[in-house]
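# Fold and geometry: a report
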Amino acid sequence: RVETEACPVLVALVEGTPYAVEDACRHRQASLATGVIRDGVVTCPAHLFQYDLRTGARHDREGEALPAYPARLAGDAIEVDLPEPVAQPSLREILLASARAGRS
């Protein structure tokens, strides 16, 4: 598990190839980092959902896939292309927008 500004990321090698997916199970956002990985499939330790690390798709049944990110070996490191982090509005911005909406 790697914490990034964009999101937490699970990085794993599957048969020597690096793969990266968002480290948040679609059921209650549990971390997959301590789950069991077998044949490229990670099992969520919290609720047993299964995801294919190569694609992010649900392995055990239909369901929402994990976002998957391009990953590659770069010498002794693994590089992952992540999306730009989304800026969260401040509490002040939220309150001002709510107040403005109430006046309309």
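See the structure above.
These notes cover the structure that comes with them. Being a predicted model, the structure only gives us computed values, none of them experimental.

### So, the side chain of Thr43
Within the element layout of this structure, Thr43 appears in strand E5 (residues 41-43). Classification of Thr43 as buried rests on a relative accessible area of 17%. Side chain to side chain, Thr43 and Gln50 meet in a polar contact 3.1 Å long. Not counting residues up to four positions away in its chain, the partners in contact with Thr43 are Gly35, Val36, Leu48, Phe49 and Gln50.

### Here's the deal with the pairing of strand E3 (residues 17-22)
Looking at chain direction, strand E2 (residues 8-14) and E3 are connected through 6 bridges and run antiparallel. For Leu13, the partnering residue across the bridge sits in E3 and is Pro18. Counting the residues in the hairpin turn of E2 and E3 gives 2 residues, including Glu15, whose phi is positive at 50°. Where E3 meets strand E7 (residues 68-69), 2 bridges bridge the pair, whose relative direction is antiparallel. Within E7, the position partnered with Ala20 by the bridge is Tyr69.

### Description of the nonpolar core
If you look at the biggest cluster of nonpolar residues, it comprises 13 residues, and the most contacted ones within it are Leu10, Cys25, Leu32, Val42, Cys44, Tyr51 and Leu53. Counting residues per element, this core draws most heavily on E2, which supplies 3 residues.

### With respect to the pattern of salt bridges
Applying the stated criterion across every chain, the model contains 8 salt bridges. In this structure, Arg58 and Asp60 form a salt bridge, with 2.9 Å as the shortest nitrogen-oxygen distance. Residue class for Asp60 comes out partly exposed when judged on its relative accessible area of 35%.

### Quick notes on the environment of Thr34
Looking at the element boundaries, Thr34 is found in the loop between E3 and strand E4 (36-38). Along the chain, Thr34 and Tyr69 lie 35 residues apart, while their C-alpha atoms are 19 Å from each other.

### Side note on the sheet that holds E5
As summarised here, the arrangement of the 3 strands in space is E4-E5-E6, forming an open sheet in which the pairing is antiparallel. If you trace the sheet from one side to the other, it starts and ends with E4 and strand E6 (50-52), each paired once. Averaged over all pairs of adjacent strands, the angle between their axes in this sheet comes to 25°, without regard to strand direction. Taken together, the 3 bridges between E4 and E5 define a ladder with antiparallel strand orientation. Each bridged residue has a counterpart across the sheet, and for Val36 the counterpart in E5 is Thr43.

The rules we used
Residues numbered from 1 in each chain as written. Predicted model: local features only at pLDDT ≥ 70, side-chain atom pairs only at ≥ 80, totals over all residues. Heavy atoms only, no water. Helix = DSSP H or I, 4+ residues; strand = E, 2+ residues; numbered from the N terminus. Buried < 20%, exposed > 50% of the residue type's maximum accessible area, 1.4 Å probe, protein only. Polar contact = N/O pair within 3.5 Å; in protein donor to acceptor, adjacent residues only side chain to side chain. Contact = heavy atoms within 4.5 Å. Pairing = 2+ DSSP bridges. Core = buried A, V, L, I, M, F, W, Y, C linked by side-chain atoms within 4.5 Å. Salt bridge = Lys/Arg side-chain N within 4 Å of Asp/Glu carboxyl O. Axes fitted to C-alpha atoms, helices over the stretch in contact; angles between N-to-C directions.

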